[in-house]
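Chain residues, written in single-letter form:
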Amino acid sequence: MTRNKKLVINADDFGYTPGVTYGIIEAYKNGIVSSTTALTVSNHFFSAMEAAQKLCPMLPIGLHLTLTLNGAKPILPKEQVPSLVDADGFFLKLDVFEQKVSDVSTDEIYMEWEAQFSRFLESGQEPSHLDSHHYVHSKNQKILEVALRLAKNHDLPLRAVPSNEGNSHLLQYYNGTKTTDELLPQFYGAGANFENLKEMIDYICESQNHFFEINVHPAFLDAPLQEYSSYSQERVEELKILTSEQAKRLLEKPGLVLTDFGHREL
C-alpha cells in the first residue's frame, strides 16, 4: 500500500504585526495554510493569540524562536544576553549576527529561548512545534544543538534545516527529534509564485520522502510591517496565491494530505 505524502504549509511570523496576524488567519481559514509559528518577542504577540482563539481556535501555533528580528528586543534584560544584542539592547541584524555567529553564547541563546517559550505559555496555549526566524537554528551545529535541547526538554517537533542551504548534514544531529523529511523554503521573494508552488507540489508527489514542510509569509499590508520589514508587499502577493482556487486545486492530488506537526504518523 502506497503511503500518503504529508505536507505542512506553515506561515511564519504570526503576531509580527496585526496585518501579518490577520493575513495568516485568512490564509488558514480560506486558503491552504495549515499551521503557523508565533513571534513571542513582538509587541503584538498576545493580541495575535487572542485573535486566533476567537477566530480559528483549531489553528496549530508553534514558537518562532528569535535572535534576529529587526526592531525587537530579547525578553531577557540585555545584561543577561550581551552577545545577542547591540549597544541599544536590540537583537542583532541578520547580517551582523551571521558575522558574529561563532561568538554568540549558546548559554545565552538557551536562556532567551526558554524565556520565549515561557511567554508563549503565558498566552494560555502550548506551542505545536518549534522553528526559528531566519532559520537561525540551522546556522551552525552549536545553535542547532541548543534548539534540539529545547525541543527535547519540551517534547516538541523542530523544523528541519532548509533543503537549499547546503547544510542537510545537520539533520544527523536530530537523533529522534520529530521533524519533517524535508523543509522546502523556496516559496519566497521571486519564488513566491504559483508556478513555483506547483513545481514544489509536483516534487513532493514524486519524492521518495513522505513528510514535508513548505514555509510561507502571507499578510495584509499595514504600517508596522512596512516600517520593520523589507519583505512587505511580497507578503500580500503570497496571500493572494495561498487563498486562490488554483492553489487549492494543487492539493487535490491523490495521496497528498495537508496536515500539521502533530500528525507525523498519518
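About the cut-offs
- Residues numbered from 1 in each chain as written.
- Predicted model: local features only at pLDDT ≥ 70, side-chain atom pairs only at ≥ 80, totals over all residues.
- Heavy atoms only, no water.
- Helix = DSSP H or I, 4+ residues; strand = E, 2+ residues; numbered from the N terminus.
- Rg over C-alpha atoms; globule rule 2.2 N^0.38 Å.
- Buried < 20%, exposed > 50% of the residue type's maximum accessible area, 1.4 Å probe, protein only.
- Contact = heavy atoms within 4.5 Å.
- Lys, Arg positive; Asp, Glu negative; His and termini not counted.
- Charge placed at Lys NZ, Arg CZ, Asp CG, Glu CD.
- Salt bridge = Lys/Arg side-chain N within 4 Å of Asp/Glu carboxyl O.
- Axes fitted to C-alpha atoms, helices over the stretch in contact; angles between N-to-C directions.
- Parallel < 35°, antiparallel > 145°, perpendicular 65-115°, else oblique.
- Left-handed = near helix turned anticlockwise from the far one by under 90°.
- Nonpolar A, V, L, I, M, F, W, Y, C, P; charged D, E, K, R; others polar.
- Expected span 1.5 Å × (residues − 1).
- Pairing = 2+ DSSP bridges.
- Right-handed = clockwise from strand over helix to strand, strands pointing away.
- Patch = residues over 30% accessible without salt bridge, like charges linked within 9 Å, V, L, I, M, F, W, Y side chains within 5 Å.
- Areas by Shrake-Rupley, 256 points an atom, 1.4 Å probe, with all protein chains shown as cover.

1. So, the overall build of the protein chain
Then comes step 1: Per the secondary structure count, the protein chain includes nine helices and seven strands.
Then comes step 2: Over its C-alpha trace the protein chain gives a radius of gyration of 18 Å, about what one expects of a compact globule, namely 18 Å for 266 residues.
Then comes step 3: Residues classed as buried in the protein chain amount to 55% of the 266 residues present.
Then comes step 4: Within the protein chain, contacts between residues separated by at least 24 positions form 73% of all contacts whose residues are at least 6 apart in sequence.
Then comes step 5: Counting 23 positive and 36 negative side-chain charges, the protein chain places the centres of these two groups 3 Å from one another.

2. Focus: the pattern of salt bridges
Then comes step 1: Under the counting rule described, the total for this entry stands at nine salt bridges.
Then comes step 2: Close ionic contact of R235 with D13 constitutes a salt bridge, the shortest N to O distance being 3.0 Å. You can see R235 sitting in helix α8 (residues 233–242) and its partner D13 sitting in strand β1 (residues 5–14), a full 222 residues away along the chain. Residues R235 and D13 agree in their burial class; the two are buried.
Then comes step 3: Through salt bridges with shared partners, a single network forms among D12, D131, R159 and E213.

3. Overview of the packing of helix α2 (residues 45–55) against helix α4 (residues 106–122)
Geometry of a packed helix pair, given as the angle between the helix axes and the separation of the axes.
Then comes step 1: Between α2 and α4, the shortest axis-to-axis distance is 10 Å and the interhelical angle comes to 45 degrees. In terms of orientation, α2 lies oblique with respect to α4. In this structure, the crossing between α2 and α4 has a hand that is right-handed. Of the residues in α4, those touching α2 at F45, F46 and M49 are R119, F120 and E122.
Then comes step 2: For the contact of α2 with α4, the class distribution of residues is four nonpolar, no polar and two charged.

4. A word on helix α1 (residues 18–29)
Then comes step 1: In this model, α1 (twelve residues) spans 16 Å end to end at C-alpha, consistent with the 16 Å of a helix rising 1.5 Å per residue.
Then comes step 2: Looking at α1, one finds that the buried residues are G19, V20, T21, G23, I24, I25 and A27.

5. Description of the packing of α4 against helix α5 (residues 141–154)
Then comes step 1: In contact at an axis separation of 10 Å, α4 and α5 are set at 40 degrees when each is read in the N-to-C sense. The hand of the α4/α5 crossing is right-handed. Taking contact as the criterion, the partners of T106, I109, Y110, W113, E114 and F117 in α4 are, on α5, K142, I143, V146, A147, R149, L150, N153 and H154.
Then comes step 2: Looking at the contact of α4 with α5, its residues break down into eight nonpolar, three polar and three charged.

6. With respect to the environment of S138
Then comes step 1: Position of S138 among the secondary structure elements: in the loop between β4 (130–132) and α5.
Then comes step 2: Sequence separation between S138 and V161 is 23 residues; the distance between their C-alpha atoms is 5.6 Å.
Then comes step 3: When near neighbours in sequence (up to four residues on either side) are disregarded, S138 contacts V161, P162, N167 and L170.

7. Looking at the environment of Y22
Then comes step 1: As for its position among the elements, Y22 is in helix α1.
Then comes step 2: Assessed through its relative accessible area of 40%, Y22 is described here as partly exposed.
Then comes step 3: As for Y22 and K253, which are separated by 231 residues in sequence, their C-alpha atoms are 28 Å apart.
Then comes step 4: Excluding its chain neighbours within four sequence positions, the residues that come into contact with Y22 are A51, L55 and F220.

8. Details of the pairing of β1
Then comes step 1: Within β1, ten of the ten residues are buried, which leaves it mostly tucked inside the rest of the structure.
Then comes step 2: Here four bridges tie β1 to strand β7 (residues 256–259), and the two strands are oriented parallel to one another. By the bridge assignment, K5 is partnered in β7 with L256.
Then comes step 3: Bridge analysis of β1 against strand β6 (residues 211–216) gives six bridges, and the strand direction is parallel. Bridging from a neighbouring strand, N10 pairs with N215 of β6.
Then comes step 4: Relative to strand β2 (residues 35–38), β1 runs parallel, the two sharing three bridges. Each residue of the ladder has a partner; that of A11, found in β2, is T36.
Then comes step 5: Following the backbone out of β1, through α1 and into the adjacent parallel β2, one traces a crossover that is right-handed.

9. Remarks on a nonpolar patch on the surface
Then comes step 1: Together, Y22, L55 and F220 give the surface a local cluster of nonpolar side chains, amounting to about 270 Å² of exposed area.
Then comes step 2: Looking at where F220 falls in the secondary structure, it is placed in the loop between β6 and α7 (223–228).

10. Remarks on unusual backbone geometry
Then comes step 1: One non-glycine residue, D13, lies in the positive phi region at around 80 degrees.
Then comes step 2: You can call D13 buried: its relative accessible area is 2%.
Then comes step 3: In this structure, H134 is a non-glycine residue whose phi angle is positive, near 60 degrees.
Then comes step 4: Along the chain, the position of H134 falls in the loop between β4 and α5.

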